[in-house]
Amino acid sequence: WRRHPRYASGYDDAHPAVVAFWEVVAEMGPQERAATLRFATSSPRPPLLGFQWLQPPFCIQMATAQDARLPTSATCMNLLKLPPYQDKELLRSKLLYAVNAGCGFELS
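Residues numbered from 1 in each chain as written. Predicted model: local features only at pLDDT ≥ 70, side-chain atom pairs only at ≥ 80, totals over all residues. Heavy atoms only, no water.

Novice: How would you sum up helix H1 (residues 16-27)? Please name residues and give values.
Specialist: Along its twelve residues, H1 runs 16 Å from first to last C-alpha, staying within 8% of the 16 Å computed at 1.5 Å per residue. When H1 is considered as a whole, its buried residues turn out to be Ala 17, Val 18, Ala 20, Phe 21, Trp 22, Val 24 and Val 25. In the core, the buried residues of H1 are packed alongside strand S1 (6-8), helix H2 (30-41), strand S2 (59-62), strand S4 (79-82) and helix H3 (88-100). (Helix = DSSP H or I, 4+ residues; strand = E, 2+ residues; numbered from the N terminus. Expected span 1.5 Å × (residues − 1). Buried < 20%, exposed > 50% of the residue type's maximum accessible area, 1.4 Å probe, protein only. Contact = heavy atoms within 4.5 Å.)

Spelled out as structure tokens, the structure:
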């Protein structure tokens, strides 16, 4: 997962928010990591042959810079829209809140 992402809208692998995101993911337990993966891709498991085969590739895109904003995703595009939080613990709390909120879209 960590070796095959793409970045957009001003992010790259050295951006502080991206570095903090991967640190938070590395510190997660298996259930939190699976929930985060489901939040971003709609699947709690990695692709059978590895993330290099995920289509479209997993991407982290910079969202609006507001500390009150939660991360969002576009699962059809494997896209995580992550605000550029300045603090790792704020990133952790906002990400886990969004991941565990259970919100999404439903067709009815």
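We are not done yet, so read on.
Novice: Hey, could you go over unusual backbone geometry for me, with residue numbers and the actual values?
Specialist: At the junction of Gln 55 and Pro 56, the peptide bond is cis and its omega measures out at -10° in the coordinates. With respect to the helices, strands and loops of the structure, Pro 56 is situated in the loop between H2 and S2. One non-glycine residue with positive phi stands out, namely Ser 42, at about 75°. By the element assignment, Ser 42 lies in the loop between H2 and S2. For Ser 42, a relative accessible area of 46% corresponds to the partly exposed category. Unusually for a residue other than glycine, Asn 78 sits at a positive phi of about 50°. Tracing the backbone through its elements, the reader meets Asn 78 in the loop between strand S3 (72-74) and S4.

Novice: Give a description of the nonpolar core that names residues and reports values.
Specialist: Grouped burial of nonpolar side chains is what soluble globular proteins tend to show. Counting residues in each nonpolar core, the largest one holds 25 residues, and the members touching the most others are Phe 21, Trp 22, Phe 58, Ile 60, Leu 80, Leu 82 and Leu 91. Elements represented by at least two residues in this core include exactly H1, H2, S4 and H3. Among the elements that take part in this core, H1 stands out by supplying seven residues, more than any other. (Core = buried A, V, L, I, M, F, W, Y, C linked by side-chain atoms within 4.5 Å.)

Novice: Got a sec to walk through the pattern of salt bridges? Specific residues and values, please.
Specialist: What the rule picks out here adds up to four salt bridges. Here Lys 88 and Glu 23 are joined by a salt bridge, their closest N and O atoms 3.3 Å apart. Here Glu 23 lies in helix H1 and Lys 88 lies in helix H3, a separation of 65 residues in the sequence. The salt bridge involving Arg 92 is made with Glu 89; its shortest N-O contact spans 3.0 Å. Remark: Glu 89 and Arg 92 occur in helix H3; sequence separation between them is three residues, near one turn of the helix. Using a relative accessible area of 46% as the deciding quantity, one classes Glu 89 as partly exposed. (Salt bridge = Lys/Arg side-chain N within 4 Å of Asp/Glu carboxyl O.)

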